[in-house]
Structure formats: structure tokens, C-alpha cells
Amino acid sequence: MPLFRNSAMWTLSRHHLCLTFLLICVFSTILFLHIYQDIFHNGLDLSVLFADQPLLTAPVAIFCLSGTPMNLSTSSFCPKHPASLSGTWTISPDGRFGNQMGQYATLLALAQLNSRQAFIQPAMHAALAPVFRITLPVLAPEVDSRTPWRELLLHDWMSEEYAHLEDPFLKLTGFPCSWTFFHHLREQIRSEFTLHDHLQVKAQSFLRQLRLPRTGDLPRTFVGVHVRRGDYLKVMPQRWKGVVGNSAYLQQAMDWFRARHETPIFVVTSNGMEWCRENINTSQGDVIFAGDGQEGSPENDFALLTQCNHTIMTIGTFGFWAAYLAGGDTVYLANFTLPNSSFLKIFKPEAAFLPEWVGINADLSPLQKLPWGFFRIG
């Protein structure tokens, strides 16, 4: 009998345990649903979970020139998540390689700033996609032709008005290439303009083959040099009352690096390689004429420049982008037009060159002494 009574009591106890377990599960489910409604009803509110800890947000700096103050307290300066973007924005792909890089970066930055979806034209995709891992979608021609665009001509520096554009269908035009548009997204821009592997490998293989002239050692410092010539030889003096970089400027720029870096190697690219070979001083054995000068296929020269540690540029957007992506020290040609040049109405040096870059003044004496028709750049 005692044995039977103990078994009955054990059986009853097991039933109680099962019932208790089920009740715990039910109450846990109800509690979870209650918490879920409170916290996730309007999206995850981290302040509910961490009420005693202040939330930190990454600072976003939008650069404007004097006279165009930015209201940094507005929420529109925070890049939006792609899911929140609306409308259709694009930009006309005018100009050459460097121009279209500037247009791409500006479109991306302004579209994010205004919570719009950016699309690029097929011509821009054809120019940039073979070189970079760009991600913006391509606008179909039939969509382009049927969209009720408002066109907006951009000047080449960031302004307050560009942060408050309400047009859902906007086609940007112009030649923007100012860091003031996109520098707050620098890492994203650098990611968009990441070289395809084969171009990077080819450029780095070339640089690894270079040796120091006196020791035969592998150089530790590579300075990319871009010398813009071509059509600028006529455009700058005849239209803009300006000059391009001459041999004296290049010598000064190279000496600046020689004074600050141990045994640098200068990797020269240009759309005027013959002039470079004839005019750049090579007496120290540290100058390499590497560019192929092919304006129609600039990817090899551009890849070489971006794989260097530092940059010497003359003028033009090609040199700007090489310097911007390479990082390191940059020396540029400063004050390359006369003070009364109409070029200064569309070009602001403080918006074109990063503050930490080093400018060397151009020699303007030929412009001041010679008639325009007889001006010749040496």
C-alpha cells in the first residue's frame, strides 16, 4: 500500500509540473508581445533599451563657401537610407573622364542630401563602369524621354539652395567637381571610384618594377605627376587669360617633395608626353615617364596616379581626381589666371582644392607681357 500511494503522488506531481511549465510559457509569450509593441511599433527606439546612455550620431559636415551658410541642425544633412529615397534625379554626362567623375560624385551627394534616388545616363555608365566599381543604376532611355524633368545648372561649389531641392524629377547640368559637394561622403566616393582589379594589379606591377637610381632598391615613395596640356594650351591663354603648368613649376613641385621625402620617384603621365620628356629635368634620375598619353582610354594613366602615395597636378579635373583618390600630399598650380579673368566667375580656388593641399603660384609674366595672339606656353 505505501508503495502504491507514493506512485500516485509522483504521478500527480508530474501533472502539476507540466501545468506550471505551460503557464510559464503563456505568460512569457504575453510579456514578449507587450515589449515588442512598445519598442518596435514605430521602429526600433534605442533610447528605450538604453535609457541612461546618450545616443551618439556620426557628425556630417557640409561645406559651403562664405555667403552660403548652411543650417547644420536640419535633419536633411544626414544621408538617407536607400529605402527612404524617392523621385528620379540624374545628371547630363558632359565633358571628359574627370568631368564625368565630378558629375557622378555630385549627383550622388546631392541626391542623398535631398532624399532622392539617383540614376546615371548610359553614356556616363559607358565612360566610368569599365574603370570603377560604380553602383548607381542606369536610367533607361525611354524613361529619360518621358520624364517631365526640371533642369538645374549647377555652379561649381556647394550652396545652401542645393540642400533644399524639392523637385522629384530633376536633371542636373554643368561641370561640378568641387569637394564641397561630396567631401562629407569621402569614403563612399572612394568606394564608388574603386578601380577594377585588373587595372589596379597592372598599375602596381609597373610600380614594383621601378628602382632607385643610385642603390637599385625598391622606392618607398611614389609621387604621381599629371601634366595637363592638349587643348588647354590654347583654351587657357586665349579664353581664360591663364596658363598651364610649365617646366619651372614642375621643378619647384618636385623639389618640394625631395625636401620632405627620402628618395621619391616621380611617375609622370600627361596628354603631352613628348613635351614632358623634352622639358622636365631628369638629371637626378628619379623621374619616370610612364604615361601613354591616350586621351581616349585614360584608365591606365589614371590607375597609375591613384596607386602612388602623393600627387603633383597642374590644372584640370583629371589631376584633381587622381590626387583626391591617392590621398597623401598634393601640390597644385595656384593662381593660374590673371585677376580679371572671367574664369574666376565660374571657378573658386577655395572650392576646388582641399585646404591641406599645397599651392605653388603660376608664372603669369608671359600673359602680362605678350599680346594674346602671340602668346606661347613654354
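Scoring rules and cut-offs
Residues numbered from 1 in each chain as written. Predicted model: local features only at pLDDT ≥ 70, side-chain atom pairs only at ≥ 80, totals over all residues. Heavy atoms only, no water. Pairing = 2+ DSSP bridges. Helix = DSSP H or I, 4+ residues; strand = E, 2+ residues; numbered from the N terminus. Axes fitted to C-alpha atoms, helices over the stretch in contact; angles between N-to-C directions. Contact = heavy atoms within 4.5 Å. Core = buried A, V, L, I, M, F, W, Y, C linked by side-chain atoms within 4.5 Å. Buried < 20%, exposed > 50% of the residue type's maximum accessible area, 1.4 Å probe, protein only. Salt bridge = Lys/Arg side-chain N within 4 Å of Asp/Glu carboxyl O. Left-handed = near helix turned anticlockwise from the far one by under 90°. pLDDT = per-residue confidence, 0-100. Right-handed = clockwise from strand over helix to strand, strands pointing away. Phe/Tyr/Trp six-rings, centres within 6.5 Å; stacked < 30°, edge-to-face > 60°. Lys NZ or Arg CZ within 6 Å of the ring centre and 35° of its normal.

A. Structural detail: the sheet that holds strand 9 (residues 330-334). Ordered by their spatial adjacency, six strands build an open sheet running 7-6-5-8-9-10, and the pairing between neighbours is parallel. Only two strands of the sheet have a single partner each, and these edge strands are strand 7 (287-289) and strand 10 (358-361). The sheet shows a mean angle of 25 degrees between the axes of neighbouring strands, taken without regard to direction. In this sheet, strand 7 lies alongside strand 6 (residues 265-270) in parallel orientation, the contact comprising three bridges. Looking at strand 7, one finds that V268 is bridged to F289. Sheet strands touched by helix 12 (residues 299-306): strand 5 (222-227) and strand 6. Its angle to strand 6, the strand with the most contacts, is close to 155 degrees. Sitting on the sheet, helix 13 (residues 317-326) is in contact with strand 5, strand 8 (310-313) and strand 9, with an inclination near 165 degrees to strand 8.

B. The nonpolar core, seen in detail. Core analysis: the largest hydrophobic core is formed by 96 residues, its most contacted members being F132, F182, F193, I312, W321 and F336. Of the residues forming this core, the biggest block, ten residues, is contributed by helix 3 (residues 97-113).

C. Region of the structure containing the pattern of salt bridges. Across all of its chains, the model carries seven salt bridges by this definition. Of the charged contacts, one joins R150 and D167 as a salt bridge, the two residues approaching to 2.7 Å between their closest N and O atoms. Remark: D167 occurs in the loop between strand 3 (150-153) and strand 4 (169-173) and R150 occurs in strand 3; sequence separation between them is 17 residues.

D. Structural context of the packing of helix 8 (residues 197-208) against helix 12. Between helix 8 and helix 12, the shortest axis-to-axis distance is 9 Å and the interhelical angle comes to 65 degrees. Classified by chirality, the crossing of helix 12 by helix 8 is right-handed. Facing helix 8, whose interface residues are L199, K202, A203, F206 and L207, helix 12 presents E299, N300, A303 and L304.

E. Looking closely at the confidence of the model for the protein. Put simply, the protein has an average pLDDT of 83, and 75% of its residues get 70 or more. Low confidence marks residues 372-378, where pLDDT is under 50. Its contacts with residues over four positions away, or in another chain, come to 14 contacts.

F. Main features of the pairing of strand 8. Of the two faces of strand 8, the one lined by H310 and I312 and the one lined by T311 and M313 are each fully buried. Taken together, the two bridges between strand 8 and strand 9 define a ladder with parallel strand orientation. Following the sheet pairing, I312 is matched in strand 9 by V331. Remark: the strand 8/helix 13/strand 9 crossover connection has right-handed handedness.

G. Here's a closer look at the packing of aromatic side chains. Under the defined criterion, the tally for this structure stands at 22 aromatic pairs. Ring centres of Y332 and F353 lie 3.9 Å apart, and the angle between their planes is 15 degrees; this geometry places the pair in the stacked category. With Y332 in strand 9 and F353 in the loop between helix 14 (349-352) and strand 10, this residue pair connects regions lying 21 residues apart in the sequence. Comparing Y332 with F353 shows no difference in burial state: the two are buried. Among the aromatic residues, those joined into a ring-pair cluster are F97, Y104, F132, F182, F193, F302, F318, F320, W321, Y324 and W357. For K348, the ring lying beneath its charged end belongs to W157, and the centroid distance is 4.6 Å.

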